[in-house]
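Spelled out from the first residue to the last, the chains are:
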Amino acid sequence: MDPLTGRRLRDALLVDGHTLHPQDVERELLRCARALGSARVFCAGPGAGALVVQEVVRTVGGARTGLPRLAARIRALIAEEFGVMTGALLLVRPGTVRGAGTAKVRRALLRERYPRGEVHAVHAEFGPEIGEPCRGGAA
């Protein structure tokens, strides 16, 4: 337990030399745009590495053309507020993450599914340091 923040230290992520608490990033992302739902952030590696963001997009339909602009807005917010670059950004439909109760469990589940390409996004962007995962089974 961190005596200053009261948070569990093992929930912390190490990204580009910065220690982030995933809950802080997820809470800030909820304020980014009305079209966005819940977010989950995790590192591509176990507790450290490139930041991966999975964000639920509430409305897609004919608005797909606006997804790259929305993704850029999310990346800019993370860079400005937390001082790190986003390694991968996945915009997904509601219901993509099933079978997990708490946010911590969802993050662990996503961290397992991500490298296997099991998270299907309506829009995805990958930085050069992380690359696109292999394509595998269903989300």
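As a starting point, this report considers the structure included with it. (Residues numbered from 1 in each chain as written. Predicted model: local features only at pLDDT ≥ 70, side-chain atom pairs only at ≥ 80, totals over all residues. Heavy atoms only, no water.)

A word on the packing of helix α1 (residues 22-30) against helix α2 (residues 67-82)
Packing of α1 against α2 brings their axes to within 11 Å, and their N-to-C directions diverge by 130°. By the angle class used here, α1 and α2 are oblique. The hand of the α1/α2 crossing is right-handed. Taken together, the residues of α2 that come into contact with α1 (itself represented by Asp 24, Val 25, Glu 28 and Leu 29) are Ile 74, Leu 77, Ile 78, Glu 81 and Phe 82. Grouping the constituent residues of the contact of α1 with α2 by class yields 6 nonpolar, no polar and 3 charged. (Axes fitted to C-alpha atoms, helices over the stretch in contact; angles between N-to-C directions. Helix = DSSP H or I, 4+ residues; strand = E, 2+ residues; numbered from the N terminus. Parallel < 35°, antiparallel > 145°, perpendicular 65-115°, else oblique. Left-handed = near helix turned anticlockwise from the far one by under 90°. Contact = heavy atoms within 4.5 Å. Nonpolar A, V, L, I, M, F, W, Y, C, P; charged D, E, K, R; others polar.)

Remarks on the environment of His 18
Among the secondary structure elements, His 18 is positioned in strand β2 (residues 18-20). Given the relative accessible area of 35%, His 18 is considered partly exposed. Separated by 66 residues in the primary sequence, His 18 and Val 84 place their C-alpha atoms 7.4 Å from one another. Once residues within four sequence positions are removed from consideration, His 18 is found in contact with Leu 13, Phe 82, Gly 83 and Val 84. (Buried < 20%, exposed > 50% of the residue type's maximum accessible area, 1.4 Å probe, protein only.)

Some remarks on the nonpolar core
Leu 29, Leu 51, Ile 74, Ile 78 and Leu 91 are the most contacted members of the largest nonpolar core, which has 25 residues in total. Elements with a minimum of two residues in this core: β1 (13-15), α1, β3 (36-43), β4 (51-57), α2 and β5 (86-92). Residues within four places of Leu 29 in sequence aside, it is in contact with Leu 36, Ala 39, Val 41, Val 53, Glu 55, Ile 74, Leu 77 and Ile 78. Judged by nonpolar contacts, the second largest core, of 9 residues, contains Val 56, Val 92, Tyr 114 and Val 119. (Core = buried A, V, L, I, M, F, W, Y, C linked by side-chain atoms within 4.5 Å.)

Quick look at unusual backbone geometry
Glycine aside, the phi torsion of most residues is negative, and most peptide linkages are trans. A positive phi angle is found at Asp 16, which is not glycine, with a value near 50°. Positionally, Asp 16 belongs in the loop between β1 and β2. For Asp 16, a relative accessible area of 53% gives the class exposed.

A short note on the pattern of salt bridges
What the rule picks out here adds up to 4 salt bridges. Arg 40 is paired through a salt bridge with Glu 26; the nearest N and O atoms lie 3.4 Å apart. With Arg 40 in strand β3 and Glu 26 in helix α1, this pair connects stretches of sequence that are 14 residues apart. What makes Arg 40 buried here is its relative accessible area of 12%. With its nearest N and O atoms 3.1 Å apart, the salt bridge here joins Glu 28 to Arg 31. (Salt bridge = Lys/Arg side-chain N within 4 Å of Asp/Glu carboxyl O.)

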